[in-house]
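Analysis of the macromolecular model
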Amino acid sequence: MTRDPSATCPEDTVSRCATGCPEDGTAGGVAEPMAGGVSAGMASGGAKLMEGHTQGHMQGRMPGRTLGRMAGHVAAFTGLSPRLLWRALRMAFFALGAYRLRSLFVVAAVSLGIASLTVIVAAVDGASKKAEEITDMFGPDAVLVFGGSTIHRAVGDRNLTLSWDDALALRSSLPGAYLVVPMRAKSAVRLKNGDANYDVPIVVGATENYAEAWNWPLVEGRDFTAEDVRRGARVCLLGDKPARELFGDVSPVGRSFLMAGVPMTVVGRLAYRGMSGGGGSVDDRLIVPITTLTQRFNLDRRYFRALRVKFTDAENIDRHVADLTSLLRDLHGLKGEDPDDFTVLTASEVRRFLSMIKGGLVLFLGITAAAAMAVGGFVLANLFYLSVTERRVEIGLKKALGAPSRAVLVQFLCEAVALTLLGAIVGLLLGMAMGQALERLGFIEMVLSAKVFGIAVVASSVVGVVFGLRPARAAAALDPIAALRGGE
Amino acid sequence: MTVSGATTPSPAEASAEVSAGVSPDVHGGGHAEALIEVRDVWRTFTQGDLAVDVLRGVTFSIRPGEFVAIQGTSGSGKSTLLHILGLLDRPSSGVYRLAGEDTSTLDDDALSHRRNSLTGFVFQNFYLIPYATALENVLLPGMYADTPLRQLRQRAAELLDIVGLGDRMDFTPARLSGGQQQRVALARALLNDPALVLADEPTGQLDSATSAEILALLGRINKAGKTVVVVTHDAATAACARRRIFIRDGVIESDAPITPTAQDMGTPLKGGAGGAGEAASDSCGAEASVRGSAAGESA
């Protein structure tokens, strides 16, 4: 490299050549463009900076006005300009990407909490919905009487206390009652139609008016007659599920199949009720005359399990229940202090029972979810303290380069909340998957709503802020000198 | 680096650019207002009952465009002084005025803001963020300035080009040598166009050849109008500055311009074979000769 010593500005290039600098191609080579470039860059950069300042103050660079205004509020709260706030957020995401494994742990921990929360909220909503359906089906104008007391049942007490005589007495002398249908059931019975085999979970024995007593219309055919019941006719009403299983799309009415080896003729088909999942489907049943059931399966012929009583009106249901109770007590010869040997279930009682179950669900699952969220929070706090310690140099450096403490605080808080929000999304997906699985297994009924999403987002943000605040404060309070010295 | 050497503009052009870019303060030689004014600064650290005076009444001032080395042994108080100059620490007593502003009146936010806009830091250990690229590292001080990111990016790229790392902007620090990392740090120090560049043992982790490059770069930065203050224990490093403040036991022992004659003491070495030690003094020797010839002309 030859240099012209007569350059107008003699400094440095001249001397460099004069001294025969051995690193001419290296240090010197770099130095020349640098010297020119620095000055040029500085001049233009300075102008740009000035420009940038005015422009920066005139308008934030947030997309959309509302977002800008929102950022303005947050900015006022944190004392950072929208631009710095936006950058703190960007740096937070950048750092999260850099510490992937740690981020993964926090997300995993939080997502488990959110997943359980999702399942719980959805399950509770599902339980409410199901309770509505059950109460609807039960009907506000009817009761179900069980033999035996669910409150007082001494060991060895019989729960078969309802007899034919009771049913007949209620039919003839209970005011307001217009349908009395005694029932009993047999579970898991093999049905067979040609090559089609099906194990129906429940076969219900009832009398005529079963369909009406349960507000359950027949889509085709007819109900039993009193005659069918009297002579134990081999006729049946088919629920939607076994009808499909045995006859496919063909109308089953008038056709026959074998119930535990006994030929049965279908006289009617119950409408599809399709109550939402959990605890099996109500459509999966077969109804036969109660006499037929007791004869074919050799069950007790005097007593039955339950009585469905339907009244003419729903308004006076309380009085009807009182009448029914006193009549039954009378029939059973109970006096004074004797406890009832039967249980009367009304729609409101069903509702109360269901909400009790729901309450238990909320309580136990709620405790689980709270614990899971707290665990997620502690994992977050723990890992963030570790992060603050590990990133001392980075924090010290940023402060040395002019980051205000608040910017450091906001960055760490953003990291925490971003992770918990990510945890919320993963948790929601996980929760939905878990819910689907539980629903398929028939444990619970899930209802997913915006509420679930909202709760997950709010809960995770709260965990992020609450558990992230202390580590973030610790980071913001770091003395840059000590932090940088500690990094050596 | 050799690549950029090949594209070096002609000396005349380069020199013209240098002189165009340099603020009049540097060559004007007039008594411009001091950029740094330190008056009777004390810094006392207490450990338990024990009070240690690390700085004991330090007074000096630095004009814009100066290149000052603060030299002292370990424990002399030079690092503490640098921390005070860089607004990372406050004097226990005494006055520190930066750009005419009494820093004792500034709250923490104001200090952060001044650090960001007025000073650029270079550290012995480079302190680059390991998970960020060279470009992103250079951008860092800009993240706390109210400058649009697009401008910052452009400027960061220019600066990396200038320090000879234009082709390594996307490299993370792990893929850069020590010298290259320090170049990134230098570019970072310049991003917000600060008046003052503070370097704390900038060559402490580098071999002598690389040290020479970094010192040469600091020299260029100074020539471009920046006030540069280097803290070092190393006499050879200090010799690259134009003024040396020697500090011992918390007081200034000497404060004098580095005269061409003093620097020429290094010249005999230049004839010898290019050892590591020589490379360092060569670089500074070159700087010294620059000033020598410059002084000769102006005289």
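Residues numbered from 1 in each chain as written. Chains lettered and ligands numbered in written order. Predicted model: local features only at pLDDT ≥ 70, side-chain atom pairs only at ≥ 80, totals over all residues.

Inclusion rule: UniProt positions are given in the numbering used here, feature names are shortened, and annotations may be inferred rather than shown by experiment.
The name an unreviewed UniProt entry assigns to chain B is ABC transporter related protein, from the organism Nitratidesulfovibrio vulgaris. The UniProt entry for chain B carries the following text under Sequence similarities (unreviewed entry): "Belongs to the ABC transporter superfamily. Macrolide exporter (TC 3.A.1.122) family."

A short note on the overall build of chain B
Definition in use: Strands here mean DSSP runs of E at least two residues long; helices mean DSSP runs of H or I at least four residues long; both are numbered from the N terminus. Between the buried cut of 20 or more and the exposed cut of 12 or fewer other C-beta atoms within 10 Å of a residue's own C-beta lies the partly exposed class, and all C-beta atoms are placed from the backbone.
The helix and strand tally for chain B stands at twelve helices and ten strands. Scored against the burial criterion, the 299 residues of chain B give a buried share of 54%.

A word on the overall build of chain A
What counts, and what does not: This entry defines residue contacts through backbone-placed C-beta atoms, with two residues in contact when those atoms are within 7 Å.
Counting its secondary structure elements, chain A contains 16 helices and twelve strands. Put simply, of all contacts in chain A between residues at least 6 apart along the chain, 79% involve residues at least 24 apart.

Description of the environment of Ala 156 of chain B
Residues and elements named next belong to chain B. Within the fold, Ala 156 resides in helix H7 (residues 149-162). We classify Ala 156 as buried; it has 27 C-beta atoms within 10 Å. Separated by ten residues in sequence, Ala 156 and Gly 166 place their C-alpha atoms 9.9 Å apart. The contact partners of Ala 156, leaving out residues within four places of it in the chain, are Leu 135, Val 138, Leu 139, Ala 187 and Leu 191.

Looking at the sheet that holds strand E3 (residues 67-72) of chain B
Residue and element names in this part refer to chain B. Just so we agree on the cut-off: Between any two strands, at least two bridges found by DSSP are needed for them to pair. Convention adopted: a line fitted to C-alpha atoms gives each axis, helices being fitted over their contacting stretch, and angles between N-to-C directions are expressed from 0 to 180 degrees.
If you walk across this open sheet you meet the six strands as E6-E7-E8-E3-E9-E10, and the pairing is mixed. Each edge of the open sheet carries a strand with a single partner, namely strand E6 (119-122) and strand E10 (251-257). On average, adjacent strands in this sheet sit at an angle of 15 degrees to one another, irrespective of strand direction. Two strands pair when backbone bridges link them, and E3 and strand E8 (residues 227-232) are joined in this way by five bridges, in the parallel orientation. Its bridge partner lying in E8, Gln 71 is registered against Thr 232.

Brief notes about the packing of helix H4 (residues 82-98) of chain A against helix H14 (residues 405-440) of chain A
Residue and element names in this part refer to chain A. Using the following cut-off: With respect to orientation, any angle under 35 degrees is reported as roughly parallel, any angle over 145 as roughly antiparallel, any angle of 65 to 115 as roughly perpendicular, and every other angle as oblique. By convention, the crossing between two helices is left-handed when the near helix turns anticlockwise from the far helix through less than a right angle, and right-handed when the turn is clockwise. Basically, the charged four are Asp, Glu, Lys and Arg, the nonpolar ten are Ala, Val, Leu, Ile, Met, Phe, Trp, Tyr, Cys and Pro, and anything else, Gly included, counts as polar.
Between H4 and H14, the shortest axis-to-axis distance is 8 Å and the interhelical angle comes to 55 degrees. As summarised for this structure, H4 and H14 are arranged oblique, according to the angle between their axes. The handedness of the crossing between H4 and H14 comes out as right-handed. On the side of H4, the interface is formed by Leu 84, Leu 85, Ala 88, Leu 89, Met 91, Ala 92, Phe 93, Ala 95 and Leu 96, while H14 contributes Ala 407, Val 410, Gln 411, Cys 414, Glu 415, Ala 418 and Leu 419. Residue classes in the contact of H4 with H14 are distributed as 14 nonpolar, one polar and one charged.

Section: the pairing of strand E4 (residues 93-98) of chain B
All names here are of chain B. Pairing geometry for strand E1 (residues 36-47) and E4, over five bridges, is antiparallel. Note that in E4 the partner of Trp 42 across the bridge is Ser 93. Across two bridges, the pairing between E4 and strand E5 (residues 101-102) is antiparallel. When the sheet's bridge partners are listed, Arg 97 is paired in E5 with Asp 102.

What about the sheet that holds E4 of chain B?
Within the open sheet, the four strands sit side by side as E2-E1-E4-E5 (chain B). Their pairing is antiparallel. Of all the strands in the sheet, the pair left with one neighbour each is strand E2 (50-62) and E5 of chain B.

Some words on the environment of Trp 164 of chain A
As for its placement among the helices and strands, Trp 164 of chain A is situated in helix H6 (residues 164-173). Residues Trp 164 of chain A and Pro 182 of chain A, spaced 18 residues apart in sequence, show a C-alpha to C-alpha distance of 8.0 Å.

Quick look at the nonpolar core
Definition in use: Think of a nonpolar core as buried Ala, Val, Leu, Ile, Met, Phe, Trp, Tyr and Cys residues chained together by C-beta atoms that fall within 7 Å.
By size, the foremost hydrophobic cluster in this structure holds 141 residues, and its most contacted members are Leu 380 of chain A together with Val 138 of chain B. Counting residues per element, this core draws most heavily on helix H5 (residues 100-138) of chain A, which supplies 15 residues. With residues up to four places along the chain from it excluded, the contact list for Leu 380 of chain A reads Val 106, Ala 109, Val 110, Ala 416, Leu 419, Thr 420, Val 463, Phe 467 and Gly 468 of chain A. Phe 138, Ala 142, Leu 162 and Leu 170 of chain A belong to the second largest nonpolar core, which has 48 residues in total.

Describing helix H11 (residues 317-331) of chain A
The condition is simple: Residue count minus one, scaled by 1.5 Å, sets the expected span of a helix.
Over its 15 residues, H11 of chain A runs 21 Å from end to end, which matches the ideal 21 Å to within 8%, given 1.5 Å per residue. The inward-facing, buried residues of H11 of chain A contact strand E1 (142-147), H6, strand E11 (306-311) and strand E12 (342-346) of chain A.

Quick notes on unusual backbone geometry
Residues and elements named next belong to chain B. At Leu 87, a position not held by glycine, the phi torsion is positive, near 65 degrees. On the neighbour-count criterion, Leu 87 (26 C-beta atoms within 10 Å) is buried. Of note in the backbone geometry, Glu 201 takes a positive phi value of approximately 45 degrees without being a glycine. For Glu 201, a count of 20 C-beta atoms within 10 Å corresponds to the buried category.

Section: the confidence of the model for chain B
As a note on interpretation, predicted positions should not be read in detail where pLDDT is low. Residue and element names in this part refer to chain B. Selection criterion: Confidence of the predictor in every single residue is expressed as pLDDT, which spans 0 to 100.
Looking at chain B, pLDDT values average 80 and 76% of them are 70 or higher. Scored below 50 in pLDDT, residues 1-31 makes 72 contacts in the model with residues more than four places away or belonging to other chains. Segment residues 261-283: pLDDT under 50, and 41 contacts once partners within four positions in sequence are set aside and those in other chains are kept.

Topic: the pairing of E11 of chain A
Residue and element names in this part refer to chain A. Bridging between E1 and E11 involves five bridges; their strand directions are antiparallel. Counted as the bridge partner of Val 143 is Val 309 from E11. In the sheet, strand E3 (residues 177-193) pairs with E11 via six bridges, with the strands oriented antiparallel. Bridge pairing in E11 links Leu 179 to Lys 310.

A closer look at the environment of Leu 85 of chain A
Residue and element names in this part refer to chain A. Relative to the elements of secondary structure, Leu 85 occurs in helix H4. By C-beta crowding, Leu 85 is classed as buried, having 24 other C-beta atoms within 10 Å. For the pair Leu 85 and Arg 406, spaced 321 residues apart in the sequence, the C-alpha separation amounts to 9.8 Å.

Some points on the packing of helix H12 (residues 347-390) of chain A against H14 of chain A
Residue and element names in this part refer to chain A. Where H12 meets H14, the closest approach of the two axes is 11 Å, and the angle between their N-to-C directions is 145 degrees. As H12 runs across H14, the sense of the crossing is right-handed. Of H14, the residues touching H12 (which contributes Gly 376, Leu 380 and Phe 384) are Phe 412, Ala 416, Leu 419, Thr 420 and Gly 423. Residues belonging to the contact of H12 with H14 are distributed by class as follows: five nonpolar, three polar and no charged.

Quick word on the confidence of the model for chain A
Here chain A averages 78 in pLDDT, and 80% of its residues register 70 or above. Ignoring residues within four places in sequence, the model shows residues 1-62 of chain A, a span with pLDDT below 50, making 153 contacts including any to other chains.

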